[in-house]
Amino acid sequence: MPVADWSQDKQLWYSSAGDVLLETLSALTAAGTREEVLLEFNVDPAGTSMRRTYRGYVNSFNPTGSVGGVAMANVNFKIMDRQTTNARVIA
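Not measured: the values here are computed from a predicted model.

Participant: Summarise helix 1 (residues 17-30); cite the residues concerned and give the values.
Facilitator: Along its 14 residues, helix 1 runs 20 Å from first to last C-alpha, staying within 8% of the 20 Å computed at 1.5 Å per residue. Among the residues of helix 1, those classed as buried are Asp19, Leu22, Leu25, Ser26 and Thr29. Take helix 1 and look down its axis: the buried residues cluster within an arc of 125°, on one side only. Lining the buried residues of helix 1 we find strand 1 (4-11), strand 2 (37-43), strand 3 (50-67) and strand 4 (70-82). With its phi angle positive at about 90°, glycine 32 sits one or two positions after the end of helix 1.

What counts as what
- Residues numbered from 1 in each chain as written.
- Predicted model: local features only at pLDDT ≥ 70, side-chain atom pairs only at ≥ 80, totals over all residues.
- Heavy atoms only, no water.
- Helix = DSSP H or I, 4+ residues; strand = E, 2+ residues; numbered from the N terminus.
- Expected span 1.5 Å × (residues − 1).
- Buried < 20%, exposed > 50% of the residue type's maximum accessible area, 1.4 Å probe, protein only.
- Arc of directions from axis to C-beta.
- Contact = heavy atoms within 4.5 Å.

Honestly, that's just the spatial picture; any functional story needs more than this.
Okay, structure coming up:
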């Protein structure tokens, strides 16, 4: 069960591996066969970088138009739970 929704607008690079992956994961979710992934955030309390890893999936990835001639997209994630060890393996 998701515990949070997270979305952001980002610059869209049609041929980049990262955007192709986001689009593919979104299509899997839309088809009812979502694939869980690890989402990693780096936080910097008191000047020390700490990694926090969460399990989740891409809910949607939609091109939204352009801003100043730059293609943009909105990506939405469902974040489910924090991986207690912050390991890069789904527990």
